[in-house]
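Descriptive structure summary
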Amino acid sequence: MAETKREIERKYESDESGLPDLTGVAGIETVLDKGVAELDATYYDTSDGRLASASITLRRRTGGSDAGWHLKFPVGPGVRDEVRAPLSPTLPRSLAGLVRSRVRDAELVPVVRLRSARDVRELVDGEGRLLAEVSVDEVRAERLSGGAGSVQWSEIEVELADGGDPVLLDKVEKRLLKAGVRRSASESKLARALAETAPKKGKAKTSGKPGKQGKQGKSKKPAADTPDLAAPVPPTTPVPPGTAAHHVLAYLRAQRDAIVALDPAVRQDEFDSVHRMRVATRRTRSAFRSFGKVLDRTVTDPVGEELKWLAGELGVDRDQEVLTERITAALDKLPRQLLVGPVRTRVRTWTHARRGGSRRRLVAVLDGKRYLALLDTLDALVAQPPLLEAAAGAPEKVIAKAVRKDFAKVAELIEEALAQPSSGPERDFALHEARKKAKRTRYSAEAAEPALGEPATALVKAAKSLQNLLGDHQDSVMAREALREIAVQAHAAGESGFTYGLLYGREERRSADDEAELPALWAEVKGGAGI
């Protein structure tokens, strides 16, 4: 069973002077000597360094108090989420899945072996509470793949205790800097090992002598055809900066990166991860459609269909959850005397009956060949895009024209909806179509922001307000359909339909309020659309 731990730490260059006295810093009462631990870790990656290029580390480590498999994802400077699994001869499936979106079908091979003598100290307060752990590490790194040679160094590592105040790290750092210790230039031991043992043309890599940081001895010459794991460079089609294609592709790369980066979070069922990954697929598909003059749609449309499939898989249970949350929230607002019959039980029964997927199903999709092929296709598309003639044009013209076209379609649908009889299925359908186009306009305006600046930002804000109002209206339509369905089931079971009718009426009122608000909001949006 894998477990996740938030790791907040800082690394420093060390020399023979060792660790200065930290007693009294930031309420540190005592520094406890916990002895020296011998650690032996083998790091794994693909032959082209896909994990290293994303600052992800995967290792199998023996020795110390946390022997096992460790997978670390970057969160921010000095902050990583570490997923741990028990020690085993081979990589546990629980961790293998979390790197699938990066690794795909490539093999994970040993790339670096790190052996460290770790002198551990615990920083505790006056009540004996652990504040942080400080270690002085004597490290020897040996390149196993993608190069050759070895290197060694000393470093100080300060890791905040669980739930600790990050301000402590600043105060400890102040003491360390005053003692002449320097911040490490490398984000991790692995990054340093890869950089310092990378093959250099015409010069063999060397290994350090014990106790002399920065001085090195002889090592074997690396094979000429071994790739540099620290810097994989995929083949790409050059796209001149400042062109329409440059801006569109930057937006598409950001969405591709979001899909890949959110994959582990979705597998771990992190809050809102499914929704955010679904949004990234929609943004990508929307960009294909909006910027059809930049990228050839005969190439992008099939990719868009695959993205639509993925969004559908991600939304199997998501839409149902949103609808259930809306109905449950409405029930919570009702006085108890208005809850007639087993209403909550009936809603739960209806929800479970309609639940079409599961996390197991979704993980199977993410492990499947179709999804992995889609990720490969997205990589190829942003690396070698199917550019059309307008791709070389000025973004102020090409991108702005695309955004105006999207906005014109929204305007047409809004005017059609407002012309429909109020509170009817025709208007509901028209407003739903307008909502989808408002979302597309928002996404195309997002892509235009770096090129067009404030006008695009204003349109993003306006389109989002419109999308939210129309989204609430559509949710009300869906809630009324659901309440009618639940009421029919309750009636068939001999239960009262009073509460469902009451909620239905409230949803009608809410929908009418949205429609009443729409003309003023639409006038404001039109007035602010300056692209």
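Residues numbered from 1 in each chain as written. Predicted model: local features only at pLDDT ≥ 70, side-chain atom pairs only at ≥ 80, totals over all residues. Heavy atoms only, no water.

Within the largest apolar cluster, 67 residues are counted, with the highest numbers of intra-cluster contacts made by Val294, Tyr371 and Leu466. It is helix 13 (residues 395-419) that contributes the most residues to this core, eleven residues altogether. Setting aside anything within four residues of it in sequence, one finds valine 294 in contact with Ala244, Ala245, Val248, Pro386, Leu387, Leu388, Ala391 and Val398. (Core = buried A, V, L, I, M, F, W, Y, C linked by side-chain atoms within 4.5 Å. Buried < 20%, exposed > 50% of the residue type's maximum accessible area, 1.4 Å probe, protein only. Helix = DSSP H or I, 4+ residues; strand = E, 2+ residues; numbered from the N terminus. Contact = heavy atoms within 4.5 Å.)

Moving on: the confidence of the model for the chain. In this model, the chain carries an average pLDDT of 90, and 92% of its residues clear a pLDDT of 70 or more. Averaged pLDDT values over the elements of the chain bottom out at 39 in strand 11 (residues 212-217) and peak at 98 in strand 3 (residues 57-62). pLDDT under 50 marks residues 203-233. Its contacts with residues more than four places away, or in other chains, come to 74 contacts. (pLDDT = per-residue confidence, 0-100.)

This part covers the pairing of strand 7 (residues 130-143). Where strand 6 (residues 109-124) meets strand 7, 13 bridges bridge the pair, whose relative direction is antiparallel. Bridging across to strand 7, leucine 114 finds its partner in alanine 141. Between strand 6 and strand 7, which pair antiparallel and follow one another directly, the connecting turn spans five residues, one of which, glycine 128, has a positive phi of 85 degrees. Two successive antiparallel strands, strand 7 and strand 8 (residues 150-160), enclose a turn made up of six residues, where glycine 146 displays a positive phi of approximately 75 degrees. (Pairing = 2+ DSSP bridges.)

This next bit is on the pattern of salt bridges. According to the stated counting rule, one finds 54 salt bridges in the structure shown. Close ionic contact of aspartate 66 with arginine 84 constitutes a salt bridge, the shortest N to O distance being 3.7 Å. Residue aspartate 66 is found in the loop between strand 3 and strand 4 (68-76), and its partner arginine 84 is found in strand 5 (residues 79-85); the two are separated by 18 residues along the sequence. Here arginine 129 makes a salt bridge to glutamate 127, at a shortest N to O gap of 2.8 Å. For arginine 129, a relative accessible area of 49% puts it in the partly exposed group. We classify glutamate 127 as exposed; its relative accessible area is 61%. (Salt bridge = Lys/Arg side-chain N within 4 Å of Asp/Glu carboxyl O.)

The subject of this paragraph is the pairing of strand 8. Most of strand 8 is tucked away: eleven of the eleven residues are buried. The side-chain alternation of strand 8 yields two buried faces, one formed by Ser150, Gln152, Ser154, Ile156, Val158 and Leu160 and the other by Val151, Trp153, Glu155, Glu157 and Glu159. Sheet analysis places strand 1 (residues 3-13) next to strand 8, joined by five bridges and oriented antiparallel. Its bridge partner being in strand 8, glutamate 9 is matched across the sheet by glutamate 159. Across eleven bridges, the pairing between strand 7 and strand 8 is antiparallel. Paired with alanine 132 across the two strands is leucine 160, which belongs to strand 8.

Attention shifts here to the environment of arginine 118. Position of arginine 118 relative to the elements: it lies in strand 6. Setting aside residues up to four positions removed in sequence, arginine 118 forms contacts with Gly35, Val36, Ala37, Leu39, Arg61, Ser135, Val136, Asp137, Glu157 and Lys189. A polar contact of 2.8 Å, which involves the side chain of arginine 118, links it to the side chain of aspartate 137. (Polar contact = N/O pair within 3.5 Å; in protein donor to acceptor, adjacent residues only side chain to side chain.)

Quick look at unusual backbone geometry now. With a phi angle near 50 degrees, alanine 26 is a residue other than glycine that sits in the positive phi range. Within the fold, alanine 26 resides in the loop between strand 1 and strand 2 (30-45). A relative accessible area of 35% means that alanine 26 is categorised as partly exposed.

Within this model, the largest pocket holds a volume of roughly 1400 Å³. What lines the largest pocket is a set of 38 residues, and nearest its centre among them are Arg278, Arg282, Arg435, Lys436 and Lys439. Elements with a minimum of two residues in the lining of the largest pocket: helix 7 (273-290), helix 8 (297-314), helix 9 (318-332), helix 14 (425-452) and helix 15 (454-492). Looking at the lining of the largest pocket, its residues break down into eight nonpolar, ten polar and 20 charged. (1 Å grid on protein atoms, 1.4 Å probe; cavity = no way out; pocket = protein on both sides within 12 Å on 5 of 7 lines; lining within 4 Å. Points joined across faces, edges and corners; volume = space filled by probe spheres on them. Nonpolar A, V, L, I, M, F, W, Y, C, P; charged D, E, K, R; others polar.)

What follows covers the packing of aromatic side chains. The final tally for this structure, using the stated rule, is two aromatic pairs. Considering the side-chain rings of tyrosine 44 and tryptophan 69, the 5.4 Å spacing of their centres and the 40 degrees angle between planes classify their relative orientation as tilted. Of this pair, tyrosine 44 sits in strand 2 while tryptophan 69 sits in strand 4; the two residues are 25 residues apart in sequence, bridging distant segments of the chain. A relative accessible area of 19% places tyrosine 44 in the buried class. Tryptophan 69 sits in the buried class, given a relative accessible area of 2%. The ring centre of tryptophan 309 lies 4.2 Å from the NZ or CZ of arginine 370, which sits over that ring. (Phe/Tyr/Trp six-rings, centres within 6.5 Å; stacked < 30°, edge-to-face > 60°. Lys NZ or Arg CZ within 6 Å of the ring centre and 35° of its normal.)

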